[in-house]
Amino acid sequence: MRRSSTFARQVLLVRVGRRDDDLRTTDLALPEHRYADRQRRRYGLDRLSRPPIDATRAEIEAVMPVSPALPMMRTDEATAGSIPLLPGERTVARRMKFGLVNACTLASLMLGMLAIFLAMQGEVRIAALCLIACVIFDGLDGALARRLGVASPFGAQMDSLADMCSFGLAAPVVVYASLAGSVSTAAAAVACALVAACAAIRLARFNVSPKDGRFFCGVPTTMAAAVLAVTVAIGLPVPGPVLVAGVALLAFAMVSSFPYAKLARLVKMPPWLWLAPVIGALVDIRLTFALIVVGYLVSGPVLWLRQRRTA
């Protein structure tokens, strides 16, 4: 009986730690192998040829089956839950600064929700002003995080999610409400859906792409939302079909590969270059705004062609 039970146990056990070619030839520990090696095991001769414990453990883990419902996690992923949201010193002062920065991000998110509610009630101009406030708070949280020294990966992801809600969803809803009655519902819906889809692609690409301190790759979502909000707020006198085409063009510009200058580079321009927009705004703010937007959109392909010629 003892012999039969040992034979059954040996048949059911699968050898692990072998190479692939060994597993193809024999996967079961047959009884004749047991009797052939009895003398070596009895006198401890097989201890001399045993691999180290760490090597054996590594071989076993390499061939262990993994459940598809429970994917294996790396050590850093398994301990990710213990990583604090605020890296560095966790003093009361730094926590207050961290809370202030994230409060600006949440304010941008709440203003985007308010813009959606106002647009649904027909208050399109006020909704556009809320979007402009979203742009201000979006720029404020990043500047405060760098200034106060509380920048964190959590804050970056929080800012990206808030941008998608405020600029990827709220802005198209406000534009859709402003186009009601001037164009067909289908055309307005397609143009606004393009803005939402391209904003999601733009934000996801920005999160995983290396950062360039000089240029944006495509028009940033914040800039696109600001253009749409100001267009609705000032009531740009443009025919409906032209406005729909402009919205679609702005959506495709977000996911383009054209380089667009960052605001920090624009601010460093000579002061005399700012006189023309200021004077133009005093004469006709709508025409001046349209020319600035067109000039900024055209600057991307121009810089792209210039870089290709100099490369």
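These figures come from a predicted structure and were not determined experimentally. (Residues numbered from 1 in each chain as written. Predicted model: local features only at pLDDT ≥ 70, side-chain atom pairs only at ≥ 80, totals over all residues. Heavy atoms only, no water.)

Asks: Explanation requested: the overall build of the protein chain in the structure shown.
Replies: The helix and strand inventory of the protein chain stands at 15 helices and two strands. The long-range fraction of contacts in the protein chain, counting pairs at least 24 apart against all pairs at least 6 apart in sequence, stands at 75%. About 20300 Å² of surface is accessible on the protein chain, with carbon and sulfur atoms providing 68% of the total. (Helix = DSSP H or I, 4+ residues; strand = E, 2+ residues; numbered from the N terminus. Contact = heavy atoms within 4.5 Å. Areas by Shrake-Rupley, 256 points an atom, 1.4 Å probe, with all protein chains shown as cover.)

Asks: Explanation requested: the side chain of D163 in the structure shown.
Replies: Mapped onto the elements, D163 comes out in helix α9 (residues 153-178). Sequence-distant contacts of D163, defined by excluding residues within four places in its chain, comprise D138, G168, L203 and T222.

Asks: For this particular structure, what's the right way to read helix α11 (residues 221-234)?
Replies: In this model, α11 (14 residues) spans 20 Å end to end at C-alpha, consistent with the 20 Å of a helix rising 1.5 Å per residue. When you tally the buried positions in α11, you get 11 out of 14 residues, the bulk of the element. Looking at α11, one finds that the buried residues are T221, T222, A224, A225, V227, L228, A229, T231, V232, A233 and I234. On its buried face, α11 sits against α8 (124-148), α9, α10 (185-208), α12 (240-254) and α15 (285-310). Positioned one or two residues after α11, G235 has a phi angle of 65°, which is positive. (Expected span 1.5 Å × (residues − 1). Buried < 20%, exposed > 50% of the residue type's maximum accessible area, 1.4 Å probe, protein only.)

Asks: When you look at the packing of aromatic side chains in this model, what are you seeing that I'm missing?
Replies: The geometry of an aromatic ring pair is captured by two quantities: the separation of the ring centres and the angle between the planes. Tallied over the entire structure, the rule returns three aromatic pairs. Centre to centre, the rings of F98 and F154 are 6.0 Å apart; their planes meet at 40°, and the pair counts as tilted. Linking F98 in helix α7 (residues 92-120) with F154 in helix α9, this pair joins segments that are 56 residues apart in sequence. A residue is classified by how much of its surface remains accessible, and F98, at 12% relative accessible area, is buried. For F154, a relative accessible area of 30% gives the class partly exposed. Geometrically, the ring pair formed by Y260 and Y296 is tilted, given 5.2 Å between the ring centres and 35° between the ring planes. Placement of Y260 in strand β2 (residues 259-261) and of Y296 in helix α15 is noted, with a sequence separation of 36 residues between them. With respect to class, Y260 is no different from Y296; both count as buried. When the ring centre of F216 is taken as origin, the NZ or CZ atom of K262, which lies over that ring, is 5.1 Å away. (Phe/Tyr/Trp six-rings, centres within 6.5 Å; stacked < 30°, edge-to-face > 60°. Lys NZ or Arg CZ within 6 Å of the ring centre and 35° of its normal.)

Asks: Looking at this structure, how should I read the packing of α9 against α10?
Replies: Each pair of packed helices gets described by two things: the angle between the helix axes and the distance between those axes. Closest axis-to-axis distance for the α9/α10 pair is 9 Å, and the angle between their directions is 170°. One way to sum up the angle between α9 and α10 is to call them roughly antiparallel. In this structure, α9 meets α10 at a crossing whose hand is right-handed. For the pair α9 and α10, the contacting residues are Q157, S160, D163, M164, G168, L169, P172, V175 and Y176 in the first and T185, A188, A189, C192, V195, A196, A199, A200, L203 and N207 in the second. Along the lines of polarity and charge, the residues of the contact of α9 with α10 split into 13 nonpolar, five polar and one charged. (Axes fitted to C-alpha atoms, helices over the stretch in contact; angles between N-to-C directions. Parallel < 35°, antiparallel > 145°, perpendicular 65-115°, else oblique. Left-handed = near helix turned anticlockwise from the far one by under 90°. Nonpolar A, V, L, I, M, F, W, Y, C, P; charged D, E, K, R; others polar.)

Asks: How do you make sense of the side chain of T221 when you look at a structure like this?
Replies: Position of T221 among the secondary structure elements: in helix α11. Taking the relative accessible area as the measure of exposure, T221 reaches 5% and is therefore buried. With residues near it in sequence (within four places) discarded, T221 still touches F167, A199, R202, L203 and M254.

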